[in-house]
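Single-letter residue listing:
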Amino acid sequence: KYVDLVEGAILHKTTAALQMAEWKNDVNEEIVSINQVLSTTPAGNAALGDVGGKTEAIQTWIRSVLHKVLQYKAEHRHLLNEAAITLQL
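This is a predicted model, so every value here is computed, not measured. (Residues numbered from 1 in each chain as written. Predicted model: local features only at pLDDT ≥ 70, side-chain atom pairs only at ≥ 80, totals over all residues. Heavy atoms only, no water.)

Asker: In this structure, what is going on with the overall build of the chain? I would like to understand it.
Answerer: When you go through the chain residue by residue, the secondary structure sums to three helices and zero strands. Its helices and strands taken in sequence order, the chain reads α-α-α from the N to the C terminus. The buried share of the chain, reckoned over its 89 residues, is 21%. Taking contacts inside the chain between residues at least 6 apart in sequence as the whole, the part at least 24 apart equals 51%. Of the roughly 6,700 Å² of accessible surface on the chain, a fraction of 59% belongs to carbon and sulfur atoms. (Helix = DSSP H or I, 4+ residues; strand = E, 2+ residues; numbered from the N terminus. Buried < 20%, exposed > 50% of the residue type's maximum accessible area, 1.4 Å probe, protein only. Contact = heavy atoms within 4.5 Å. Areas by Shrake-Rupley, 256 points an atom, 1.4 Å probe, with all protein chains shown as cover.)

Spelled out as structure tokens, the structure:
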């Protein structure tokens, strides 16, 4: 059983748009890892004030994926700038 943490189509579309295979593989590994982590992590009990490990795992995962996408976006912009400079020469 898999958890759709974010709109799956959007995440997969974003992953497909990544220009480097290494970037795509990295984000795809993140997707696989969260499903593995969640399958063995306790949910907690909100009534007792225990958010559980799943909430923390999801929050950490979202931060990690967002950080990577932003990093890849910056790297992509850098590569485009280098290509534009080369074309101007």
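Asker: Please clarify how the nonpolar core should be interpreted in this entry.
Answerer: The nonpolar side chains of a soluble globular protein tend to be buried with one another. Judged by nonpolar contacts, W23, V27, I31, I34, L38, A57, W61, V65 and Y72 together constitute the single largest core of nine residues. Listing elements by their share of this core, those giving two or more residues are α2 (21-39) and α3 (52-88). Per-element tally for this core: the top contributor is α2, with five residues. (Core = buried A, V, L, I, M, F, W, Y, C linked by side-chain atoms within 4.5 Å.)

Asker: What should I look at first to understand the environment of G52 in this one?
Answerer: Within the fold, G52 resides in helix α3. Sequence separation of G52 and T41 is 11 residues, and the distance between their C-alpha atoms is 8.1 Å. Excluding residues that lie within four positions of it along the chain, G52 makes contacts with P42, A43 and G44.

Asker: Please explain the packing of α2 against α3 as it appears in this structure.
Answerer: Angle between the axes and distance between the axes: these two values describe a pair of packed helices. It is the contact of α2 with α3, at a shortest axis distance of 10 Å, that shows an interaxial angle of 180°. By the angle class used here, α2 and α3 are roughly antiparallel. Contacts between α2 and α3 involve W23, D26, V27, E30, I31, S33, I34, V37, L38 and S39 from the first element and K54, A57, I58, W61, S64, V65, K68, Y72, E75, H76 and L79 from the second. For the contact of α2 with α3, the residue count by class is 12 nonpolar, four polar and five charged. (Axes fitted to C-alpha atoms, helices over the stretch in contact; angles between N-to-C directions. Parallel < 35°, antiparallel > 145°, perpendicular 65-115°, else oblique. Nonpolar A, V, L, I, M, F, W, Y, C, P; charged D, E, K, R; others polar.)

Asker: For this particular structure, what's the right way to read the environment of Q71?
Answerer: Among the secondary structure elements, Q71 is positioned in helix α3. Residues Q71 and W23, 48 residues apart in the sequence, show an inter-C-alpha distance of 9.9 Å.

Asker: Sorry, what's going on with the pattern of salt bridges here?
Answerer: Opposite charge on two side chains makes pairing possible when the charged atoms of those side chains draw close. Considering all chains together, one arrives at two salt bridges under this definition. Two residues, D26 and K68, come together in a salt bridge whose shortest N-O distance is 3.1 Å. Separated by 42 residues along the polypeptide, D26 in helix α2 and K68 in helix α3 bring together distant segments of the chain. Take K68: its relative accessible area is 16%, and that puts it in the buried class. Across the pair K68 and E30 runs a salt bridge whose closest N-O atoms are separated by 2.7 Å. Placement of K68 in helix α3 and of E30 in helix α2 is noted, with a sequence separation of 38 residues between them. (Salt bridge = Lys/Arg side-chain N within 4 Å of Asp/Glu carboxyl O.)

Read these as spatial facts, not as claims about activity.
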